[in-house]
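So the chains spell out like this:
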Amino acid sequence: AYMNRSTRRQMGLGLDLKGLRRDGSLFPVEVGLSPITISGEPHVQVSVVDVSERQRLTRETIRARERAHALELEAQRERDASRNAQAQALQVLAGGVAHDVNNLLAVARVATHMLMDSDLSEEQRSDMDDLCEVVQRCEMLVKDLQSASQPPTESLKPLALNRLVGDTIQFIRH
């Protein structure tokens, strides 16, 4: 059959071919076929190559890539944990600052209202209005700070797991 289509090619492509050593042990091989002519007669040159070492190196490479991937995932988890800890520390700090500033603003608010009820000149009343406006703006900033000190609420969504697995399998196959 080979002589009818005699071109250089690998024999048993995609198959797990084995060679037999003299001691009876098997080893993985690749077999190549090449047409040659000797004294005008067509012949087939067969080359058999032991691929044990190549397969061992391939397995080691795969294991090394898997280990590297696992280490990268672990490093990413550690970075995420560090970021989460920093975010929580900032939330606590923001909450404490907001609380303290809010207490100071309460004193300023009471004092400005008490002064507004007293006899003030027009210029003094204008200054007090400006001060009340500053206190209100500070109160808005404190509310923003208090919002930032709250942990975000996560919204969970359903996951179409069968679709995800199917898409992953399709991706791997192509």
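Going by the structure above, here's the rest.
Residues numbered from 1 in each chain as written. Predicted model: local features only at pLDDT ≥ 70, side-chain atom pairs only at ≥ 80, totals over all residues. Heavy atoms only, no water.

Engineer: Describe a negative patch on the surface, listing the residues and the values that go with them.
Structural biologist: Taken together, the side chains of Glu 122, Glu 123, Asp 127, Asp 129 and Asp 130 define an acidic patch exposed on the protein surface. Among the structural elements, Asp 127 can be located in helix 2 (residues 122–148). (Patch = residues over 30% accessible without salt bridge, like charges linked within 9 Å, V, L, I, M, F, W, Y side chains within 5 Å. Areas by Shrake-Rupley, 256 points an atom, 1.4 Å probe, with all protein chains shown as cover. Salt bridge = Lys/Arg side-chain N within 4 Å of Asp/Glu carboxyl O. Lys, Arg positive; Asp, Glu negative; His and termini not counted. Charge placed at Lys NZ, Arg CZ, Asp CG, Glu CD. Helix = DSSP H or I, 4+ residues; strand = E, 2+ residues; numbered from the N terminus.)

Engineer: Go over the pairing of strand 3 (residues 26–38), please, and point to the residues and values.
Structural biologist: By the bridge criterion, three bridges tie strand 1 (residues 9–11) to strand 3 in an arrangement that is antiparallel. By the bridge assignment for strand 3, Arg 9 is matched with Leu 33. The hairpin formed by strand 2 (residues 18–20) and strand 3 contains five residues between the paired strands, and Gly 24 there has a positive phi angle of roughly 95°. Strand direction decides the pairing type here: strand 3 and strand 4 (residues 41–50), joined by 10 bridges, are antiparallel. Across the sheet, Val 29 pairs through a bridge with Asp 50, a residue of strand 4. Linkage of strand 3 to strand 4, two consecutive antiparallel strands, is achieved through a turn of two residues, within which Ser 39 is found at a positive phi near 50°. (Pairing = 2+ DSSP bridges.)

Engineer: Requested: an account of the pattern of salt bridges, with residues and values cited.
Structural biologist: Applying the stated criterion across every chain yields a total of 11 salt bridges. The partner of Arg 54 in a salt bridge is Glu 30, with the nearest N and O atoms 2.6 Å apart. Placement of Arg 54 in helix 1 (residues 52–116) and of Glu 30 in strand 3 is noted, with a sequence separation of 24 residues between them. A residue is classified by how much of its surface remains accessible, and Arg 54, at 43% relative accessible area, is partly exposed. Residues Arg 77 and Glu 74 are paired through a salt bridge, measuring 3.2 Å at the closest nitrogen-oxygen approach. (Buried < 20%, exposed > 50% of the residue type's maximum accessible area, 1.4 Å probe, protein only.)

Engineer: Account for the side chain of Thr 112, naming residues and giving values.
Structural biologist: Position of Thr 112 among the secondary structure elements: in helix 1. Residue classification places Thr 112 among the buried residues on the basis of a relative accessible area of 3%. Thr 112 has contacts with Met 128, Leu 131 and Cys 132, leaving out every residue within four places of it along the chain. (Contact = heavy atoms within 4.5 Å.)

Engineer: How would you summarise a nonpolar patch on the surface if you had to cite specific residues and measurements?
Structural biologist: A surface patch of nonpolar side chains, about 460 Å² in accessible area, is lined by Leu 159, Leu 161, Leu 164, Val 165 and Ile 169. Mapping Val 165 onto the fold places it in helix 3 (residues 161–173). Its relative accessible area of 42% is what places Val 165 among the partly exposed residues.

Engineer: Account for unusual backbone geometry, naming residues and giving values.
Structural biologist: The residue Ser 39 is not glycine, and still its phi comes out positive at about 50°. Among the secondary structure elements, Ser 39 is positioned in the loop between strand 3 and strand 4. Taking the relative accessible area as the measure of exposure, Ser 39 reaches 75% and is therefore exposed.

Engineer: Give me helix 1: which residues, what numbers.
Structural biologist: With 65 residues, helix 1 should cover 96 Å at 1.5 Å per step; its first-to-last C-alpha distance of 93 Å lies within 8% of that length. Within helix 1, the full set of buried residues consists of Gln 91, Ala 94, Ala 98, Leu 105, Thr 112 and Met 116. Tucked inside the fold, the buried residues of helix 1 contact helix 2. (Expected span 1.5 Å × (residues − 1).)

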